[in-house]
Amino acid sequence: MKTIGIFTAGLALHLSIASTAAALFDDGARYAFIASASSKSVFVIDLQEKSLAHTIELARAPSSVAVSDRLKALVIGHEANRSLTLIDLSTPELTQIDYPLDLTPSIVAMSPIGETVAVFDREAGKLEVHSIHRRVVLLSVDEVRTESEFTFSNDGATIFWVDDSKGTFNAVDLWSERKSIELTKPGSGLSAISRSIDGAVAFVSEASANVVHMIDLSSFMPMLKIHVGTGPGRPWGTTDGRYMLVPNNGGRTLTAISTMTGQSVYTVPTVDHPVFINPGWLDSTAAAVSESGDVAFIDIDDGSVTARYQLDGVPLDGIVTSDSRTLAVPVPERGSVVFFDMRHRALTSSIQGLPLDIGPAALAISNNLCH
Amino acid sequence: MTVRNETPVSRPALMHFCLALCILVLCSPGYAEEVVKGNFDLIDHHGQSVTEHSFDGKLRLVYFGFTRCPDVCPTTLFEVARVMRSLGDDAAKVQPIFISVDRENDTPEILAGYVAAFHPAMIGLTGSEQQLDAVAESFNVTYGVERASDSGSGLDSVYHSAYLFLMDRQGAFIDIFGHGAKAEVIEARLREYF
């Protein structure tokens, strides 16, 4: 049959590539990477063994780190030197390549397809998208203002951001077409964007109004405003796509929004001033983490709190492994990375002795969705 | 700089340096099994009706996907095939199952060619919309299909959860592996149940 024949040929090519790509730290589901400027290092964290696997020494102080499973590459941002370092994770030598920029990389964000990175110069208001593989600039746009992170579309062709100074929701695609809509008045505390797993809808919190905006990304029009708790922060989507979980940073609650109905399902007490939420273990549980390090595990279906912990320091955003089993949370002021078992909602171990300026963890394969 | 790894929570160093421990633990470990029930009533790539009981006596590796998937599905199934080859004679104790969520494209005939490209023991399953919805709910799997004719994009858009499920000899849940799990990890876990 013709269809099968064509497919099989493509598959053989794919498998021949896959079978040759085995080396030190190129297992995108297993290793996370954490940068430290003071030590000019990137720490390779083995999420399976929950240990420090390796330290990559750099010539320059890193300010950010992103990782691509598709290219088996680490991308390190250097703000002070206006450059990137590209590290080939598929070679034992971990070959480093200098990649000069014409802007300061305040933010370096990997696209979902893993072949392009967005580089943002916050002071200059300049956003570029680079093809890492081809080492060319695909997109360069000026007058971009945001204090929060960027969000890619599922195919990596469009980048979304909010400009809280104007109260707007914005997008630009690789063909330089820009769009902007006004969501609210300037300075209302718009959060970063989270999109639904099918890529059709964006969710943005507005802290001052205690609402979450739903935006239709195909029409680029606001759909709904959903009332949540006090001072909502960035919504966090469950990987099964059912819920957006909103940390109400102005209070001590978490709101679950049904992505199907756009309705608030529950608002429940969790921790004081929650800042991020990590769903895990087949989206049956979520860890709500406060800005002071309180951790509460909730049952996602009914919002009940089932376990509490206290981290001894201010945490950075956590990451969850692709099997949804392990949550890793960096705690810079303790130089530690703390691990939780999401299945059993239990603290299991930690890595100690890292520098006190470690940044967030970057993980190549962190979701469980194919699209 | 010295870096050390700590493991059990009970170690004094960990208590002092990192964490003030658990205030309240109310959870029980039983909910994992409740999340994944593992029931199905589908059509295999020979056109025969099958349920989870059709494979009783064998451990199962169950994966949801679609045959036109360019990367995640074939990569995962390639790892499953590596497991099967590495198991040798013990492979007879394991049934790899691929459930397609793209029922319009993935006919039993197409599924037959697809799974055979990975391993002769692999079986492909499909079903009606109602059957696929039921099996997705039973495994706590998300999927969606948007046809090109509806989206106007020129391409069908398919998404689905990318977990690989390990089920026991009666079809009950044992464990999951995330996208990117290597054959060695899967095989080691399987062998715990031989």
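Notes on the structure in this doc start here. Computed from a predicted model, the values in this text were never measured in an experiment.

### Quick word on the overall build of chain A
Tallying secondary structure elements over chain A gives 1 helix and 33 strands in all. Against the globule reference of 21 Å for 371 residues, chain A gives a C-alpha radius of gyration of 20 Å, in line with a compact fold. Across its three principal directions, the C-alpha atoms of chain A cover 55 × 50 × 45 Å. Considering chain A as a whole, with its 371 residues, one finds that 60% of them fall into the buried category. Look at the contacts in chain A between residues 6 or more apart in sequence, and 39% of them connect residues 24 or more apart. Within the structure as shown, chain A displays about 13800 Å² of accessible surface, and the carbon and sulfur contribution to it stands at 51%. One finds the centroid of the 27 positive side-chain charges in chain A at a distance of 2 Å from the centroid of its 42 negative side-chain charges.

### Considering the environment of Thr321 of chain A
All names here are of chain A. Along the chain, Thr321 turns up in the loop between β28 (319-320) and β29 (326-331). Once you skip the residues sitting within four places of it in the chain, Thr321 turns out to touch Leu47, Thr326, Leu363 and Ser366. Polar contacts involving the side chain of Thr321 include one to the side chain of Asp323, which spans 2.6 Å.

### Points about the sheet that holds strand β22 (residues 253-258) of chain A
All names here are of chain A. Ordered in space as β20-β21-β22-β23, the 4 strands form an open sheet in which the pairing is antiparallel. Unpaired on one side and paired on the other, β20 (236-237) and β23 (264-269) mark the two borders of the sheet. Taken together, the 2 bridges between β20 and strand β21 (residues 243-248) define a ladder with antiparallel strand orientation. Considered in β21, the bridge of Trp236 is made with Leu245.

The rules behind the values
- Residues numbered from 1 in each chain as written.
- Chains lettered and ligands numbered in written order.
- Predicted model: local features only at pLDDT ≥ 70, side-chain atom pairs only at ≥ 80, totals over all residues.
- Heavy atoms only, no water.
- Helix = DSSP H or I, 4+ residues; strand = E, 2+ residues; numbered from the N terminus.
- Rg over C-alpha atoms; globule rule 2.2 N^0.38 Å.
- Buried < 20%, exposed > 50% of the residue type's maximum accessible area, 1.4 Å probe, protein only.
- Contact = heavy atoms within 4.5 Å.
- Areas by Shrake-Rupley, 256 points an atom, 1.4 Å probe, with all protein chains shown as cover.
- Lys, Arg positive; Asp, Glu negative; His and termini not counted.
- Charge placed at Lys NZ, Arg CZ, Asp CG, Glu CD.
- Polar contact = N/O pair within 3.5 Å; in protein donor to acceptor, adjacent residues only side chain to side chain.
- Pairing = 2+ DSSP bridges.

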